[in-house]
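Survey of secondary and tertiary structure
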Amino acid sequence: MDNFVTFFSFQDPNIRYVVFGSVLLASSAAIVGTFIFLKKKALVGDAVAHSVLPGICVAFLIAETKNPFILVLGAFVSGWISLVLLDYIVAKSKIKEDTAIGLILSVFFGLGILMLTIIQHSGMAGQSGLDSFLFGKAAALVGNDLVVFSSISILIMAVVFILFKELRLIAFDTNFAVAIGFPVRSIELVLTTLTVLAVVVGIQAVGVVLMAAMLITPAAAARFWTDKLPVMLLLAAIFGAISGVFGAYISYVAPAMPTGPWIVMVISFIAISSFFFAPTKGIVIKSLLQRRFRMKILEENILKIFFRIGEENKDFKKHIQAKELQKYKHFSEGDLKRGLRRLRRQGFIEKTGSLYQQTIAGNNKGKRVVKLHRLWEVYLMQYLRIAPDHVHEDAESIEHIITPEIEKELEEKLNFPQHDPHQSQIPYQ
Amino acid sequence: MIRQVNDPVLELHDLTVTYNKKPVLWGVDLSLPKGALVGIMGPNGAGKSTLIKAAMGLVPLSSGFVKIFDQELDAVRKKISYVPQRESVDWDFPASVMDVVLMGRYGKVGMFKGLRKADREIAHDCLKKVSMENFAQRQISQLSGGQQQRVFLARALAQEADLYFMDEPFAGVDAATERAIITLLKEMSAQGKTVIVVHHDLQSATRYFDWAVLLNLRLVASGPAEEVITTPLLQETYGGKLTLLSEVGNLMQKEQYPTREN
Ligand SMILES: Nc1ncnc2c1ncn2[C@@H]1O[C@H](COP(=O)(O)OP(=O)(O)O)[C@@H](O)[C@H]1O
Ligand SMILES: [Mg+2]
């Protein structure tokens, strides 16, 4: 707890640097990743992320220290080579893209691990910390590293901002972009470069193994919350930043712990929560809405039967046993009980002893559903020429979703018919 | 019957297109008159979409060349508009109807520049022309097939072009949308714009188009619609006589055979 307070008060300048860096790295990766996600190229992101490792090792072998410039350069070059090779394989051979991605990823990553092992056994000075590129170490984000990596992150965001319109177009409709004469190959080249750069700077905090999650997951989570691309970019950046800060925190309380897995845990948690709880698209809301709709149908069906019983007995105040309702339509025991209880609570029916009676409000509601049912039957028969004995089933479901506007349109279009196809009277107010 | 025209708006000269060495269009020589409403017809897989894509430079040519307004394609892109097949994009993309229609202005606005107020007004007018102005802020995933097609059409109108290529604008749309679209296309053609449409339904072809192109891996016919839409030519296009051509195509793919000796 003490740690927590010390960390989040940001008093210690070192903490401030690490947090600042982590936020920048994670959000720039999330922003580039959003376009990769929308272009459905998530696997490509994974391949690049793994493919930068040999470049890092070569850069280290050449410079013999962890010079950030040279490491970035090395990572950039090998990430780039992997993508060029990928394009080449897909264009020139019969190998499909997913296979080619798997091929590139495993060959480059294998090579990288091999070189990493060699370096570790060579006893070279300053090798320590190189393996933090595998699973990330946010705390290493200080001094020169911080300056270099943060500058690259800011550059990435600036380029996305300037090219927003163009990137959006090629993500939605590449052919159209070509057709209007945009230099699509160049724009895609820029996006590829940004991807490699985002990976190169991101691996400092997340590591090559899990870097792809940092590109794609924030976008996937953000997609649940919005249908607007600018908002989606902003949300992805925020989600990325939150996980980045958390990674920095872990690095602070447990310096020996790799940060990548923790960062990815946080972003995955955000994604899963979005999946469940996001408004309109989250599955919790969706199932709540569905339940509410089922309840509405149940209630309306019961009120409809109250109305029909009243209609047949010419007495809408008649007291009715719950059992009688079952004669008109089958309800399960539980549904019937639940429906009656809800209707009582809402004041549409009343109960005396074991007998039920509809209220005036309940009668009106039931009357409307019956009217809609019968109107819809007339509509189906007159406009769709469906046989009278086939219209009932359709009307049974449509009666619950007709809005007052459609109701009005129906009445006017059919000119307030008196009877439905089965000669039942259509009840108007 | 292949009628060539003087001063054509579009000229395809000896055009051959291959996918992975398999030719799907063989030596097409086609010229189309200015201001015509042209229907391109042929069975599934005949290469209709490919023909349009080749004309727009979206697929590489194995041989031949394209001239539009008697110029190279790149010189006249701003005067051409393209409506791809509706299924060619992901309608779940996070964008509103307005966002998509505004894409029609990107070519005029150019790279790096933002959209201006005028662009928004033009986009709005175009939405009005396809009766979609009330849907401007609607998320595109919530549109019906016919509405999606109208949005694509509005985007094309926003390009303010002189030549329009449309790939199956009537596919999967309701009768009301089809009527609205054809009325609009006829208006455009009356204003001197050339509209080239890939079409499926032969019944309506003579009513809709004044020029017809029949295609099945090769150019079967091109000319005034009443002269082209005749039983023998349709038989030639839709009949099963072209198995030989596609067999040779498959063979070329298998052998990775070059289309042209050079
Ligand atoms: N990208 C592609 N790669 C390989 N083959 C393709 C591609 N696009 C189309 N084809 C093939 O080319 C032929 C012509 O396709 P297309 O032009 O789409 O026909 P149409 O639009 O007339 O139905 C078809 O056999 C199709 O399978
Ligand atoms: Mg097609």
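Right above here is the structure, for reference.
Report on the accompanying structure.

Reading guide: rules and limits
- Residues numbered from 1 in each chain as written.
- Chains lettered and ligands numbered in written order.
- Predicted model: local features only at pLDDT ≥ 70, side-chain atom pairs only at ≥ 80, totals over all residues.
- Heavy atoms only, no water.
- Salt bridge = Lys/Arg side-chain N within 4 Å of Asp/Glu carboxyl O.
- Helix = DSSP H or I, 4+ residues; strand = E, 2+ residues; numbered from the N terminus.
- Buried < 20%, exposed > 50% of the residue type's maximum accessible area, 1.4 Å probe, protein only.
- Near = heavy atom within 4 Å.
- Polar contact = N/O pair within 3.5 Å; in protein donor to acceptor, adjacent residues only side chain to side chain.
- Areas by Shrake-Rupley, 256 points an atom, 1.4 Å probe, with all protein chains shown as cover.
- Nonpolar A, V, L, I, M, F, W, Y, C, P; charged D, E, K, R; others polar.
- 1 Å grid on protein atoms, 1.4 Å probe; cavity = no way out; pocket = protein on both sides within 12 Å on 5 of 7 lines; lining within 4 Å.
- Points joined across faces, edges and corners; volume = space filled by probe spheres on them.
- Pairing = 2+ DSSP bridges.
- Phe/Tyr/Trp six-rings, centres within 6.5 Å; stacked < 30°, edge-to-face > 60°.
- Lys NZ or Arg CZ within 6 Å of the ring centre and 35° of its normal.
- Contact = heavy atoms within 4.5 Å.
- Buried area = accessible area lost by both parts, 1.4 Å probe.

Another aspect to go through is the pattern of salt bridges. Residue and element names in this part refer to chain A. Applying the stated criterion to the full structure yields 29 salt bridges over all chains. Among the salt bridges present, the one from Glu188 reaches Lys39, with a minimum N-O distance of 2.7 Å. Within this pair, whereas Glu188 is found in helix α10 (residues 184-206), its partner Lys39 is found in the loop between α2 (13-38) and α3 (42-63), the two being separated by 149 residues in sequence. For the salt bridge of Glu300 with Lys296, the shortest nitrogen-to-oxygen distance reads 3.0 Å. Taken together, the residues span about one helical turn, with Glu300 and Lys296 both in helix α14 (residues 283-313) at a distance of 4 residues. A relative accessible area of 5% means that Glu300 is categorised as buried. On the basis of relative accessible area, Lys296 is assigned to the partly exposed category, the value being 32%. Taken together, the shared-partner salt bridges connect Lys304, Lys329, Glu396 and Glu399 into one network.

Okay, unusual backbone geometry next. Residues and elements named next belong to chain A. Of note, the phi angle at Lys40 is positive, near 60°, even though the residue is not glycine. By secondary structure assignment, the location of Lys40 is in the loop between α2 and α3. The class for Lys40 is exposed, based on a relative accessible area of 57%. At Phe416, a position not held by glycine, the phi torsion is positive, near 45°. With respect to the secondary-structure elements, Phe416 resides in the segment after α19 (404-414).

This brings us to the site of ligand 1. All names here are of chain B. Neighbouring ligand 1 are the residues Tyr19, Val24, Pro43, Asn44, Gly45, Ala46, Gly47, Lys48, Ser49 and Thr50. The separation between an oxygen atom of ligand 1 and a polar main-chain atom of Ala46 is 3.2 Å. Here ligand 1, which alone exposes 560 Å², has 57% of that area covered by the protein. Element by element, the count of residues in the shell around ligand 1 is highest for helix α1 (residues 48-55), at 3 residues. Taken together, the residues of the shell around ligand 1 break down into 4 nonpolar, 5 polar and 1 charged.

Before going further, it helps to examine empty space enclosed by the protein. This model, assessed by the stated rule, comprises 4 cavities of 30 Å³ or more. Taken as a whole, the largest cavity encloses approximately 60 Å³ of empty space. In terms of lining, the largest cavity is formed by Ile180(A), Arg77(B), Lys78(B), Ile80(B), Gly104(B), Gly107(B), Lys108(B) and Gln159(B). Broken down by element, the lining of the largest cavity gets its largest block of residues, 3 residues, from helix α3 (residues 97-109) of chain B. Split by residue class, the lining of the largest cavity holds 2 nonpolar, 3 polar and 3 charged.

Residue and element names in this part refer to chain A. Where strand β1 (residues 320-321) lies against strand β3 (residues 355-358), 2 bridges are found, and the strand directions are antiparallel. If you follow Gln321 over to β3, its bridge partner there is Leu355. Taken together, the 4 bridges between strand β2 (residues 349-352) and β3 define a ladder with antiparallel strand orientation. Among the inter-strand pairings, Lys351 is bridged to a residue of β3, identified as Tyr356.

Let's shift gears to the packing of aromatic side chains. Applying the stated criterion across every chain yields a total of 23 aromatic pairs over all chains. For the ring pair Phe224(A) and Phe275(A), a centre distance of 5.8 Å and an interplane angle of 80° mean the geometry is edge-to-face. Taken together, the positions of Phe224(A) in the loop between α11 (211-223) and α12 (229-253) and Phe275(A) in helix α13 (residues 260-277) put the pair 51 residues apart, joining distant regions of the chain. Aromatic ring contacts, followed pair by pair, group Phe4(A), Phe7(A), Phe8(A), Phe10(A), Phe246(A), Tyr249(A), Tyr252(A) and Trp262(A) into a single cluster. Above the face of the Phe69(B) ring, Lys79(B) is positioned so that its terminal group lies 4.7 Å from the ring centre.

Its boundaries defined by the atoms lining it, the largest pocket holds a volume of some 1600 Å³. Along its surface, the largest pocket is lined by 33 residues, and Lys41(A), Asp87(A), Glu97(A), Arg185(A) and Glu188(A) are the ones closest to its centre. Of all elements in the fold, only α3, α4 (68-92), α9 (174-179) and α10 of chain A together with β1 (10-19) of chain B reach the threshold of two or more residues within the lining of the largest pocket. The leading source of residues in the lining of the largest pocket is α4(A), at 8 residues. A breakdown of the residues in the lining of the largest pocket according to their chemical character gives 18 nonpolar, 9 polar and 6 charged.

Taken together, the contact pairs 25 residues of chain A with 29 residues of chain B. Buried surface at the junction of chain A and chain B, both sides included, amounts to about 2500 Å², of which 66% is carbon and sulfur. Of all residues in chain A, Lys165(A), Phe172(A) and Phe176(A) bury the most surface against chain B, accounting for 30% of the area lost on that side. Taken together, chain A and chain B are joined by 3 salt bridges. We note a salt bridge from Asp173(A) to Arg155(B), for which the minimum N-O separation is 2.8 Å. Connecting chain A to chain B are 8 residue pairs in polar contact (both at pLDDT 80 or more). Among the elements of the structure, α8 (164-172), α9 and α12 of chain A are those that each provide at least two residues to the side of chain A that touches chain B. Per-element accounting of the side of chain A that touches chain B gives the leading share, 6 residues, to α8(A).

So far we have only geometry, and geometry alone does not tell us how the molecule works.
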